[in-house]
Amino acid sequence: MELDAKIPAGPLETKWSQYKVQAKLVNPANRKKLPVIVVGTGLAGASAAASLAEQGYPVTSFCFQDSARRAHSVAAQGGVNAAKNYQNDGDSVYRMFYDTLKGGDFRAREANVYRLAECSLNLIDQAVAQGVPFAREYGGYLSNRSFGGVQVSRTFYARGQTGQQLLLGAYQALMRQVSLGKVTLHSRHEMLDLVVAEGKAKGIIARNLDSGLIERFAAEAVVIATGGFGKIYYLSTLAMGCNGSAIWRAHKRGALMACPSWTQIHPTSLPQSGDYQSKLTLMSESLRNDGRIWVPKLPDEQRAANDIPEQERDYYLERRYPSFGNLAPRDISSRAAKERIDAGFGVGAQRNAVYLDFSKAIKEQGKEKIKEKYGNLFSMYKKITADDAYAAPMKISPAAHFSMGGLWVDYELMTTIPGLFAIGEANFADHGANRLGANSLLQACVDGYFILPYTLANYLSGELKKEKITTAHPEFDRIEREVITQLAGLCEIKGTKTADYFHKKLGKLLYDKCGLSRSAEGLTEAIEGIKVLRAAFYKDLIVPGTADEINSELEKAGRVADYLEIAELMCHDALSREESCGAHFREEYQTADGEALRDDENYCYVSAWEWKGKDSLPLLHPEHLKFEFIKLSVRSYS
Amino acid sequence: MKIHLKIWRQKDAKTKGKLVDYMLDQVDHHMSFLEMMDTLNEQLILKGEMPVEFDHDCREGICGTCGMMINGQAHGPVPGLTACQLHMREFEDGATIYVEPFRATAFPIKRDLKVDRSAFDRIIQAGGFITANTGQPVEANTLLITHEIAESAFDSAACIGCGACVATCKNSSAALFTSAKISHLAKIPQGEKEAAKRVLKMVSRMDEEGFGHCSNTEACEVECPQGISVLNIARMNWEYTKANLLKD
Ligand SMILES: Cc1cc2nc3c(=O)[nH]c(=O)nc-3n(C[C@H](O)[C@H](O)[C@H](O)COP(=O)(O)OP(=O)(O)OC[C@H]3O[C@@H](n4cnc5c(N)ncnc54)[C@H](O)[C@@H]3O)c2cc1C
Ligand code: SF4
Ligand code: FES
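Residues numbered from 1 in each chain as written. Chains lettered and ligands numbered in written order. Predicted model: local features only at pLDDT ≥ 70, side-chain atom pairs only at ≥ 80, totals over all residues. Heavy atoms only, no water.

A few points about helix H11 (residues 367–385) of chain A
Residues and elements named next belong to chain A.
Next, step 1: Compared with an ideal rise of 1.5 Å per residue, which puts 19 residues at 27 Å, H11 spans 20 Å between its outermost C-alpha atoms and falls more than 12% short.
Next, step 2: When the local axis directions of H11 are compared, the greatest deviation, roughly 85°, occurs at Tyr 374.
Next, step 3: The set of residues buried in H11 consists of Ile 370, Tyr 374, Gly 375, Leu 377, Phe 378, Met 380 and Tyr 381.
Next, step 4: Looking at the buried residues of H11, the elements they touch are helix H10 (359–365) and strand S15 (394–403).
Next, step 5: In the stretch just after H11, Ala 386 is the one whose phi turns positive, near 65°. (Helix = DSSP H or I, 4+ residues; strand = E, 2+ residues; numbered from the N terminus. Expected span 1.5 Å × (residues − 1). Bend = angle between axes of the 7 residues up to and from the residue. Buried < 20%, exposed > 50% of the residue type's maximum accessible area, 1.4 Å probe, protein only. Contact = heavy atoms within 4.5 Å.)

Structure, rendered in structure tokens:
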């Protein structure tokens, strides 16, 4: 299989505008004959569903929460990037493009990344029009701050609740379309499978989580916007319900999965405190603008942070990366923290944290100023840990956060199944091997508001005259039966261990062997370990109750079943990439001073994997990345 | 620590519910309230019983999904917190804790602690938005909004739609929720244009959904995890009166 990314020819700056000029359109009168399914109501899904409905396509949208407004995008804190250059500090579309590509360790497509930066300008305008209350200067102009991996201030923010406010904007646009009858919204529905009929995505099978009823939905195209699967590590910064099921079921129906092993481990999460713990809470990266990160110079230091004198502190980020310091990108900062923790310099009860210290900033700017900038984060910290971070440094630790990998899509955001699109965190595109902060909200919004409406129309224009497939098609019968059998199967095992038990075991295994650092040996062990765990799952799982009622344990079990397969693919992916890049750090491939050693000669590709059945190895289809406009360089932040 | 729980169990909207007793004897005081509930559920499942159904997702106080009455208070005893942010260190060893669903006619019970809050979505559908299609907006900085106004709009926009205000109100009024959205959009220039239409539609939808009237007891503000101020309700009333007076 030859992967065609369908990148338009021509200069970087005009690729997208050229595409838009040439893309086929659908006559407004015909749009109502082309129904579309959008799974997910996060920033990607809600913006796509609303924008498509505005154009006149009948949209059916789905989320598993009780309301579209609760999609995980709501939790994003720090901000959203846009190359507006409002601060007159030298920002530009090109600079943002370059920062993003470099931040991703040159493992993303030039054309996609350029488009992301280009569309970022419109996104801010769009959000402001919807009423998103971004931070403003006293004179009324929009305000900005800066995030890891860049030297300009291009991040727009709404206190520490940027995701919430952007999502509410998109949700409100979606609600408007619901009230106009253009969108039919099914909340508390979980997509359990994709229906591919006559070679094209034509619908989904979903479970009504309130009744247990299995329902069929047909459409002329299916858009998956189901977010990331970082919850596979169990302990992560993600919401409890985040899952990989929709993308995984689509993968098993023929869509390739790209770079599944690239998971961002975020440097500023709260450390784990006990076994009962269900999640790790993120502290926004924006804290690194004013917070300084350090550990004691002495291993196994017992003194309280404030009792350790200045000269006995190791500000290791400032030491190793002088020009970016505390704003070094996430992969670098996380790894540097792990390095210090593993070497015995960790702090806190479990010795698994580093300090994030505001004393200097408080001294220079005053407590009030810091309170104004980060007050809600400080109070969140206090709620969770009962500690006062104005008085003593915060303790932070790396945690699984964001999946750079996902369904493989071409420039049009279409997967390898015609008619199946993937947007937002559910696809692999744009971030490369590491995502710069504040680029994900951007990608989710831009995919949904500005890209998909063009590319989907281009596809749908070809479907108009074709015969419509309805839910009476035999493929719907067949796949629905498979879904029902799987659910019944999970309920019938009647073993002795809960879904959470397996999820926690899997998460630990992955974090240790396919987390911040990986080795051939560890990954090979992990693959074996996952197989054993999976076998145990199907023998010893317990799910109470039945499939035809509200049953959150059954929901969890289905998601864990998929995680147990995704995990194995992650390890294969990590094993096959014999280099270090971004979030993927292979211990065998590092420089003398412990930095990632990339191999552009052999691995300058996107790894796209094909499902070959449950007893076969996945098949790799590399999409070689061509860099026409920039020169690959060593990613240095020192 | 030891905790004695009295939890509302109810199979579905039609079946009668009751409080059921549970004992947990190894609760870590660092646990969040929901982690304590997870621990209970794990034990119930292993005993072959149905776990307690409750809604939750982000577990960071931002999605608004979790919600339950804990000892008679929405989201429990600590002001300004959602249930997911409440920690067991707030309770004493040996405490008895009552856990019940949010109750309101407009929030029918689904099972145990899960309730249906979709009435909130329908209030937003009635007009809780700015009519702005994708692709039409003007350059963002052509719309100047002072720091103070942006901050004040934000204070209203911060509502997470959890429903604690309704659950705690003796009239089951949705005034705080609805007024927060009305204020957010009325305060900023983009939202002003539709303010009159918006308030009339949202208020009448609120009534149709079966929420009660606001009688200014202000219990909602006390229980709101986001500190949404009752001044929003005053603003809603003002916008409503204005809209009615100027209606042609
Ligand atoms: C704590 C935290 C802070 C963050 N902060 C930032 C930040 O400051 N800046 C930034 O740029 N990014 C940030 N991110 C990342 C960013 O929030 C996400 O990558 C982005 O919001 C993803 O949006 P999405 O629309 O793709 O998916 P999501 O918002 O995750 O939405 C997924 C949707 O899919 C639905 N869904 C999932 N599976 C199914 C299924 N099987 N059936 C039906 N529906 C399904 C869900 O119900 C939901 O509606 C943060 C992430 C976290 C975890
Ligand atoms: S006003 Fe407060 S209590 Fe009511 S829904 Fe909003 S956040 Fe919850
Ligand atoms: S679970 Fe999201 S607010 Fe409590």
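Re the site of ligand 2
Next, step 1: Around ligand 2 lies a shell of 13 residues, among which Cys 159, Cys 162, Gly 163, Cys 165 and Cys 224 of chain B are the nearest.
Next, step 2: A class-by-class count of the residues in the shell around ligand 2 yields 10 nonpolar, 3 polar and no charged. (Near = heavy atom within 4 Å. Nonpolar A, V, L, I, M, F, W, Y, C, P; charged D, E, K, R; others polar.)

Some words on the site of ligand 1
Residues and elements named next belong to chain A.
Next, step 1: The full set close to ligand 1 counts 38 residues, and Gln 65, Ser 73, Glu 425, Ser 440 and Leu 441 are the nearest of them.
Next, step 2: Taking Phe 64, its main chain carries an N or O atom lying 3.1 Å from an oxygen atom of ligand 1.
Next, step 3: One nitrogen or oxygen atom from the main chain of Gly 79 is found 2.9 Å from a nitrogen atom belonging to ligand 1.
Next, step 4: Coverage of ligand 1 by the protein amounts to 98% of the 1000 Å² it exposes when considered alone. (Polar contact = N/O pair within 3.5 Å; in protein donor to acceptor, adjacent residues only side chain to side chain. Areas by Shrake-Rupley, 256 points an atom, 1.4 Å probe, with all protein chains shown as cover.)

Remarks on the packing of aromatic side chains
Each aromatic ring pair is summarised here by two numbers: the centre-to-centre distance and the angle between the ring planes.
Residues and elements named next belong to chain A.
Next, step 1: Summed over the entire model, instances satisfying the criterion amount to 28 aromatic pairs over all chains.
Next, step 2: Taking 6.3 Å as the distance between ring centres and 50° as the angle between the ring planes, the aromatic pair formed by Trp 294 and Tyr 315 counts as tilted. Of this pair, Trp 294 sits in strand S12 (residues 292–296) while Tyr 315 sits in the loop between strand S13 (313–314) and helix H8 (316–320), and the two are 21 residues apart along the sequence.
Next, step 3: Given the relative accessible area of 0%, Trp 294 is considered buried.
Next, step 4: We classify Tyr 315 as buried; its relative accessible area is 11%.
Next, step 5: Pairwise contacts between aromatic rings join Trp 16, Tyr 19, Tyr 411 and Tyr 454 into one cluster. (Phe/Tyr/Trp six-rings, centres within 6.5 Å; stacked < 30°, edge-to-face > 60°.)

Let's talk about the pattern of salt bridges
When the charged atoms of two side chains with opposite charge come close together, those side chains can pair.
Residues and elements named next belong to chain A.
Next, step 1: Counted according to the given criterion, the structure contains 77 salt bridges over all chains.
Next, step 2: The partner of Glu 565 in a salt bridge is Lys 252, and the shortest N-O contact between them spans 2.8 Å. One end of the pair, Glu 565, is in helix H16 (residues 552–576); the other, Lys 252, is in helix H7 (residues 245–252), with 313 residues separating them in the sequence.
Next, step 3: When the shortest N-O distance is used, the salt bridge between Glu 595 and Arg 320 registers 3.1 Å. Taken together, the positions of Glu 595 in the loop between H16 and helix H17 (600–603) and Arg 320 in helix H8 put the pair 275 residues apart, joining distant regions of the chain.
Next, step 4: Taken together, the salt bridges that share partners define one network made up of Asp 105, Arg 107, Asp 331, Arg 577, Glu 579, Arg 598, Asp 600 and Arg 635. (Salt bridge = Lys/Arg side-chain N within 4 Å of Asp/Glu carboxyl O.)

Focus on the domain arrangement of chain B
Residue and element names in this part refer to chain B.
Next, step 1: Split into domains, chain B comes out as domain 1 (3–111) and domain 2 (116–246).
Next, step 2: Here the C-alpha centre of domain 2 lies 29 Å away from the C-alpha centre of domain 1.
Next, step 3: Taken together, the 23 residues of domain 1 in the interface contact 19 residues of domain 2.
Next, step 4: Interface area, domain 1 with domain 2, both sides summed: about 1500 Å², of which 58% is carbon and sulfur. (Domains from an automatic or database assignment. Buried area = accessible area lost by both parts, 1.4 Å probe.)

What to know about unusual backbone geometry
Next, step 1: One non-glycine residue, Leu 413 of chain A, lies in positive phi territory at about 70°.
Next, step 2: If you trace the backbone, Leu 413 of chain A turns up in the loop between strand S16 (406–407) and strand S17 (420–422).
Next, step 3: Positive phi values are uncommon outside glycine, yet Asp 112 of chain B reaches one of about 45°.
Next, step 4: With respect to the element layout, Asp 112 of chain B can be found in the loop between strand S6 (109–111) and strand S7 (114–115).

Structural notes on the side chain of Ser 607 of chain A
Residues and elements named next belong to chain A.
Next, step 1: By the element assignment, Ser 607 lies in strand S18 (residues 605–610).
Next, step 2: At 2.6 Å, the side chain of Ser 607 and the side chain of Asp 573 are in polar contact.
Next, step 3: If sequence neighbours within four positions are ignored, Ser 607 has contacts with Met 257, Ala 258, Cys 259, Asp 573, Arg 577, Leu 620 and His 621.

Side note on the pairing of strand S8 (residues 214–218) of chain A
Residue and element names in this part refer to chain A.
Next, step 1: The sheet contact formed by strand S7 (residues 200–208) and S8 spans 5 bridges and is antiparallel. Opposite Arg 207, over in S8, you have Ile 214 as the bridge partner.
Next, step 2: Connecting S7 to the antiparallel partner S8 that follows it, the hairpin turn spans 5 residues, and Gly 212 within it adopts a positive phi of roughly 80°. (Pairing = 2+ DSSP bridges.)

Re the packing of helix H3 (residues 43–55) of chain A against helix H6 (residues 162–179) of chain A
All names here are of chain A.
Next, step 1: Two elements in contact, H3 and H6, have axes whose closest approach is 8 Å; the angle formed by their N-to-C orientations is 35°. As for the relative orientation of H3 and H6, their crossing is left-handed in sense. Here Leu 43, Ala 46, Ser 47, Ala 49, Ala 50, Ala 53 and Glu 54 of H3 lie close against H6, whose contacting residues are Leu 166, Leu 167, Ala 170, Tyr 171, Ala 173, Leu 174, Arg 176 and Gln 177.
Next, step 2: Its residues assigned to classes, the contact of H3 with H6 comprises 11 nonpolar, 2 polar and 2 charged. (Axes fitted to C-alpha atoms, helices over the stretch in contact; angles between N-to-C directions. Left-handed = near helix turned anticlockwise from the far one by under 90°.)

Some thoughts on the environment of Asp 357 of chain A
Residues and elements named next belong to chain A.
Next, step 1: The residue Asp 357 is located in strand S14 (residues 354–357) in this model.
Next, step 2: Take Asp 357: its relative accessible area is 5%, and that puts it in the buried class.
Next, step 3: Along the chain, Asp 357 and Ala 391 lie 34 residues apart, while their C-alpha atoms are 9.6 Å from each other.
Next, step 4: Contact partners of Asp 357, with chain neighbours within four places excluded, come to Asp 290, Gly 291, Arg 292, Trp 294, Arg 313 and Pro 393.
Next, step 5: Side-chain polar atoms of Asp 357 contact the side chain of Trp 294, separated by 2.9 Å.
Next, step 6: Separated by 2.8 Å, the side chain of Asp 357 and the backbone nitrogen of Ser 359 make a polar contact.

Topic: the sheet that holds S7 of chain A
Residue and element names in this part refer to chain A.
Next, step 1: Spatially, 3 strands are ordered S6-S7-S8 in an open sheet, and the strand pairing comes out antiparallel. This sheet does not close on itself; its edge strands, each paired only once, are strand S6 (189–197) and S8. The sheet shows a mean angle of 25° between the axes of neighbouring strands, direction not considered.

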